[in-house]
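For reference, the chains in residue letters:
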Amino acid sequence: MTKTKPQNLIIGLPSTRRSLPIALIRSREKVMGPIRDMLKASGITEQQWRVLRVLSESGPQDMTQISEKAGLLLPSLSRIIRKLRGDGFVVSSTNSTDRRRQAVVITPDGQKIIDDNLPQATKIAEELRHQFGAQRYEQLLDLLAALEN
(Lines give C-alpha, C1' and ligand atoms only; values in the text may rest on other atoms or scores of the structure.)
Protein backbone atom coordinates (compact mmCIF):
# COMPACT_ATOMS: atom_id res chain seq x y z
CA MET A 1 0.00 0.00 0.00
CA THR A 2 1.47 3.35 -0.94
CA LYS A 3 1.35 6.31 1.36
CA THR A 4 -0.19 9.42 -0.02
CA LYS A 5 1.44 12.75 0.58
CA PRO A 6 -0.64 15.50 2.14
CA GLN A 7 -2.05 17.83 -0.44
CA ASN A 8 -0.15 21.04 -0.86
CA LEU A 9 -1.41 23.92 1.18
CA ILE A 10 -2.98 26.79 -0.66
CA ILE A 11 -0.31 29.40 -1.09
CA GLY A 12 -0.53 31.97 1.68
CA LEU A 13 -3.01 29.99 3.76
CA PRO A 14 -1.59 28.94 7.14
CA SER A 15 -1.80 25.36 8.30
CA THR A 16 -4.73 24.52 10.53
CA ARG A 17 -2.33 24.53 13.49
CA ARG A 18 -1.72 28.26 12.85
CA SER A 19 -5.15 29.27 11.55
CA LEU A 20 -6.67 32.07 13.64
CA PRO A 21 -10.30 31.02 13.09
CA ILE A 22 -9.54 27.42 14.02
CA ALA A 23 -7.40 28.46 17.00
CA LEU A 24 -10.22 30.68 18.26
CA ILE A 25 -12.73 27.83 17.97
CA ARG A 26 -10.44 25.40 19.80
CA SER A 27 -9.81 27.97 22.53
CA ARG A 28 -13.51 28.76 22.84
CA GLU A 29 -14.31 25.08 23.34
CA LYS A 30 -11.62 24.80 26.03
CA VAL A 31 -12.96 27.87 27.87
CA MET A 32 -16.65 26.99 27.49
CA GLY A 33 -16.42 23.38 28.74
CA PRO A 34 -16.56 24.22 32.46
CA ILE A 35 -19.21 26.88 31.85
CA ARG A 36 -21.43 24.42 29.99
CA ASP A 37 -21.02 21.95 32.86
CA MET A 38 -22.07 24.67 35.32
CA LEU A 39 -25.13 25.62 33.27
CA LYS A 40 -26.43 22.04 32.92
CA ALA A 41 -27.76 22.16 36.46
CA SER A 42 -29.62 25.40 35.74
CA GLY A 43 -31.18 24.09 32.54
CA ILE A 44 -30.12 27.06 30.44
CA THR A 45 -27.87 27.29 27.41
CA GLU A 46 -24.67 29.28 27.14
CA GLN A 47 -26.46 31.74 24.83
CA GLN A 48 -29.25 32.23 27.38
CA TRP A 49 -26.59 32.72 30.07
CA ARG A 50 -24.92 35.45 27.99
CA VAL A 51 -28.23 37.27 27.52
CA LEU A 52 -29.03 37.08 31.24
CA ARG A 53 -25.52 38.29 32.10
CA VAL A 54 -25.85 41.27 29.75
CA LEU A 55 -29.21 42.24 31.24
CA SER A 56 -27.99 41.73 34.80
CA GLU A 57 -24.87 43.80 34.18
CA SER A 58 -26.31 46.54 31.94
CA GLY A 59 -29.97 46.84 32.91
CA PRO A 60 -32.80 47.13 30.38
CA GLN A 61 -31.54 46.83 26.80
CA ASP A 62 -33.04 46.80 23.35
CA MET A 63 -32.49 43.81 21.09
CA THR A 64 -29.67 45.45 19.13
CA GLN A 65 -27.76 46.29 22.31
CA ILE A 66 -28.17 42.76 23.65
CA SER A 67 -27.12 41.30 20.31
CA GLU A 68 -23.90 43.31 20.26
CA LYS A 69 -23.00 42.76 23.92
CA ALA A 70 -23.83 39.04 23.96
CA GLY A 71 -22.30 38.28 20.55
CA LEU A 72 -25.52 36.90 19.10
CA LEU A 73 -27.20 37.41 15.74
CA LEU A 74 -30.61 39.11 15.95
CA PRO A 75 -32.59 36.14 14.55
CA SER A 76 -31.04 33.83 17.16
CA LEU A 77 -31.53 36.42 19.87
CA SER A 78 -35.24 36.73 19.05
CA ARG A 79 -35.67 32.99 19.58
CA ILE A 80 -33.62 33.08 22.81
CA ILE A 81 -35.60 36.02 24.21
CA ARG A 82 -38.86 34.25 23.37
CA LYS A 83 -37.69 31.19 25.35
CA LEU A 84 -36.41 33.28 28.27
CA ARG A 85 -39.69 35.21 28.32
CA GLY A 86 -41.65 31.93 28.32
CA ASP A 87 -39.56 30.67 31.24
CA GLY A 88 -40.17 33.90 33.16
CA PHE A 89 -36.53 35.01 33.13
CA VAL A 90 -37.07 38.23 31.13
CA VAL A 91 -39.90 40.60 30.27
CA SER A 92 -40.21 43.01 27.36
CA SER A 93 -41.89 46.36 27.14
CA THR A 94 -42.48 48.62 24.16
CA ASN A 95 -40.49 51.86 24.09
CA SER A 96 -42.87 54.80 24.70
CA THR A 97 -41.15 57.06 22.14
CA ASP A 98 -40.45 54.45 19.45
CA ARG A 99 -43.10 51.72 19.37
CA ARG A 100 -40.87 49.57 17.09
CA ARG A 101 -38.31 49.14 19.86
CA GLN A 102 -38.61 46.93 22.90
CA ALA A 103 -36.69 47.08 26.15
CA VAL A 104 -35.84 43.67 27.59
CA VAL A 105 -35.46 43.43 31.37
CA ILE A 106 -34.25 40.56 33.54
CA THR A 107 -36.82 39.34 36.08
CA PRO A 108 -36.10 38.30 39.67
CA ASP A 109 -36.18 34.65 38.50
CA GLY A 110 -33.63 35.46 35.78
CA GLN A 111 -31.44 37.28 38.29
CA LYS A 112 -31.67 34.24 40.57
CA ILE A 113 -30.06 32.14 37.79
CA ILE A 114 -27.16 34.62 37.72
CA ASP A 115 -26.91 34.81 41.52
CA ASP A 116 -27.06 31.02 41.97
CA ASN A 117 -24.25 30.49 39.45
CA LEU A 118 -22.12 33.47 40.44
CA PRO A 119 -19.80 31.60 42.85
CA GLN A 120 -19.05 28.84 40.32
CA ALA A 121 -18.74 31.28 37.39
CA THR A 122 -16.35 33.42 39.44
CA LYS A 123 -14.30 30.34 40.34
CA ILE A 124 -14.07 29.28 36.68
CA ALA A 125 -12.95 32.78 35.65
CA GLU A 126 -10.37 32.95 38.46
CA GLU A 127 -8.96 29.51 37.58
CA LEU A 128 -8.58 30.48 33.94
CA ARG A 129 -6.95 33.78 34.87
CA HIS A 130 -4.58 32.01 37.26
CA GLN A 131 -3.76 29.24 34.77
CA PHE A 132 -3.03 31.73 31.99
CA GLY A 133 -1.41 34.37 34.18
CA ALA A 134 -3.06 37.68 35.04
CA GLN A 135 -0.95 39.81 32.71
CA ARG A 136 -1.28 37.44 29.74
CA TYR A 137 -5.00 37.08 30.44
CA GLU A 138 -5.52 40.85 30.27
CA GLN A 139 -3.29 41.08 27.19
CA LEU A 140 -5.34 38.38 25.47
CA LEU A 141 -8.57 40.23 26.22
CA ASP A 142 -7.04 43.44 24.83
CA LEU A 143 -5.88 41.66 21.67
CA LEU A 144 -9.29 40.09 21.14
CA ALA A 145 -10.98 43.46 21.68
CA ALA A 146 -8.66 44.94 19.03
CA LEU A 147 -9.92 42.31 16.56
CA GLU A 148 -13.45 43.66 17.02
CA ASN A 149 -12.49 47.09 15.72
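Residues numbered from 1 in each chain as written. Predicted model: local features only at pLDDT ≥ 70, side-chain atom pairs only at ≥ 80, totals over all residues. Heavy atoms only, no water.

Engineer: Before we move on, could you go through the overall build of the protein and cite the residues and values that matter?
Structural biologist: A tally of helices and strands in the protein yields 6 helices and 3 strands. Tracing the protein from N to C terminus, the helices and strands come up as α-α-β-α-α-β-β-α-α. Relative to the globule expectation of 15 Å for 149 residues, the C-alpha radius of gyration of the protein, 20 Å, shows a markedly less compact shape. With respect to the principal axes defined by its C-alpha atoms, the protein has extents near 70 × 35 × 35 Å. Split into buried and exposed, the 149 residues of the protein put 25% on the buried side. Long-range pairs, those at least 24 residues apart, make up 41% of the contacts in the protein with a sequence separation of at least 6. When the accessible surface of the protein is totalled, it reaches about 11200 Å², and 56% of it is carbon and sulfur. (Helix = DSSP H or I, 4+ residues; strand = E, 2+ residues; numbered from the N terminus. Rg over C-alpha atoms; globule rule 2.2 N^0.38 Å. Buried < 20%, exposed > 50% of the residue type's maximum accessible area, 1.4 Å probe, protein only. Contact = heavy atoms within 4.5 Å. Areas by Shrake-Rupley, 256 points an atom, 1.4 Å probe, with all protein chains shown as cover.)

Engineer: Pulling in residues and values, what's your account of a nonpolar patch on the surface?
Structural biologist: A surface patch of nonpolar side chains, amounting to about 490 Å² of accessible area, comprises L20, L24, L140, L141, L144 and L147. Residue assignment for the nonpolar patch shows that the elements contributing at least two residues are α1 (20-40) and α6 (134-148). Per element, the largest residue contribution to the nonpolar patch is 4 residues, and it comes from α6. Using a relative accessible area of 37% as the deciding quantity, one classes L24 as partly exposed. (Patch = residues over 30% accessible without salt bridge, like charges linked within 9 Å, V, L, I, M, F, W, Y side chains within 5 Å. Salt bridge = Lys/Arg side-chain N within 4 Å of Asp/Glu carboxyl O.)

Engineer: Describe the pattern of salt bridges, naming the residues involved and giving the relevant values.
Structural biologist: If you walk through the whole model with that rule in mind, you get 11 salt bridges. Between E29 and R28 there is a salt bridge, with its nearest N and O atoms 3.5 Å apart. Of the residues examined, E29 reaches a relative accessible area of 38% and is grouped as partly exposed. A salt bridge links R28 to E46; the shortest N-O distance between them is 2.4 Å.

Engineer: Requested: an account of the environment of W49, with residues and values cited.
Structural biologist: Turning to its location among the elements, W49 is positioned in helix α2 (residues 46-58). A relative accessible area of 7% places W49 in the buried class. Not counting the four nearest positions on each side in its chain, W49 is found in contact with M38, L39, I44, I113, I114, N117 and A121.

Engineer: An account of the sheet that holds strand β2 (residues 90-94) is requested, with residue identities and associated values reported.
Structural biologist: The antiparallel open sheet is built from 3 strands, whose spatial order is β1-β3-β2. With partners counted over all chains shown, the strands left at the sheet margins are β1 (61-62) and β2, one partner each. (Pairing = 2+ DSSP bridges.)

Engineer: Go over the nonpolar core with me, naming the residues and quoting the values.
Structural biologist: Residues V51, L52, I66 and I81 are the most contacted members of the largest nonpolar core, which totals 25 residues. Where this core is concerned, the elements lending two or more residues are α1, α2, α3 (63-70), α4 (74-86), β3 (102-106) and α5 (108-132). Counting residues per element, this core draws most heavily on α2, at 5 residues. When sequence neighbours within four positions are dropped, the list of residues in contact with L52 reads I44, L84, F89, V90, I106, G110, I113 and I114. (Core = buried A, V, L, I, M, F, W, Y, C linked by side-chain atoms within 4.5 Å.)

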